[in-house]
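Survey of secondary and tertiary structure
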Amino acid sequence: MTETADLVRSRAEDTAASGVEAISDALSRMRLMIGRRILGRLMISKSAPDLDLSHLDVIEAVKRSTAESEATVGAVAEMMRVDHSRASRLIADLVQRGILQRTVSQADARRSVVELTTEGEAFKRDMHAVKRRVLESVVANWSKQDVDHFARLFPRFVDEFEVTIRNASED
């Protein structure tokens, strides 16, 4: 019985290892596409050809920061992993274009926060629609069950990846 249990355990470990290898290979391929910013370039070309990829990063950082608390220049800089002055210049450009606005923090009146304007919200919706159409096309031939399964697992993977990377960088 022990030999059978060892064999089953060995096969399970081999399967897990090959699964991790498959994930690693897929991540490498995805990284190349992300590195070339294929989806971002497509979204810009369809919705806002006068913006650049850094602007998309700012908008995403503002959206994510606002969901967690308030979007300050510092929070945007940290999320984008750029220095404060770079984030400030990008934000100023988007304020000038009418996509972002600066307001006073509700938590600390000495602090300035950044929010999407009505135009910025419309732009974000347009960008999301382009991304959604691409993703719908990607999974068009998948079963609903596969899409639902991936929709549960992929965010979980990304969440755990973020935590692991954050913990590794703190060590």
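Our structure's up above, just so we're on the same page.
These numbers come from a predicted model, not from an experiment. (Residues numbered from 1 in each chain as written. Predicted model: local features only at pLDDT ≥ 70, side-chain atom pairs only at ≥ 80, totals over all residues. Heavy atoms only, no water.)

In this section: helix α3 (residues 53–68). The terminal C-alpha atoms of α3 lie 23 Å apart, and with 16 residues this matches the ideal 22 Å at 1.5 Å per residue to within 8%. Listed as buried for α3 are Leu53, Ser54, His55, Leu56, Val58, Ile59, Ala61, Val62 and Ser65. On its buried side, α3 packs onto α2 (38–47), α4 (73–80), α5 (84–96), β1 (100–104), β2 (112–116) and α6 (118–138). For α3, the side-chain oxygen to backbone nitrogen distance between the N-cap and Ser54 is 2.8 Å, and the N-cap itself is Asp52. (Helix = DSSP H or I, 4+ residues; strand = E, 2+ residues; numbered from the N terminus. Expected span 1.5 Å × (residues − 1). Buried < 20%, exposed > 50% of the residue type's maximum accessible area, 1.4 Å probe, protein only. Contact = heavy atoms within 4.5 Å. Polar contact = N/O pair within 3.5 Å; in protein donor to acceptor, adjacent residues only side chain to side chain.)

So, on to a nonpolar patch on the surface. Together, Leu135, Val138, Trp142, Phe150, Phe154 and Val158 line one region of the surface with nonpolar side chains, adding up to about 540 Å² of accessible area. Every element with two or more residues in the nonpolar patch is listed here: α6 and α7 (144–170). Using a relative accessible area of 51% as the deciding quantity, one classes Val138 as exposed. (Patch = residues over 30% accessible without salt bridge, like charges linked within 9 Å, V, L, I, M, F, W, Y side chains within 5 Å. Areas by Shrake-Rupley, 256 points an atom, 1.4 Å probe, with all protein chains shown as cover. Salt bridge = Lys/Arg side-chain N within 4 Å of Asp/Glu carboxyl O.)

To continue, consider the nonpolar core. Membership of the largest hydrophobic core comes to 26 residues, with the highest contact counts inside it found for Val58, Val62, Val76 and Leu100. It is α3 that provides the largest number of residues to this core, a total of six residues. Discounting residues that sit within four places of it in the chain, Leu100 has contacts with Val58, Val62, Ile91, Leu94, Val95, Val114, Glu115, Leu116 and Thr117. (Core = buried A, V, L, I, M, F, W, Y, C linked by side-chain atoms within 4.5 Å.)

Following the sequence through the fold, Glu70 ends up in the loop between α3 and α4. Separated by 2.6 Å, the side chains of Glu70 and Ser105 make a polar contact.

Limitation: the analysis is restricted to geometry and does not speak to function.
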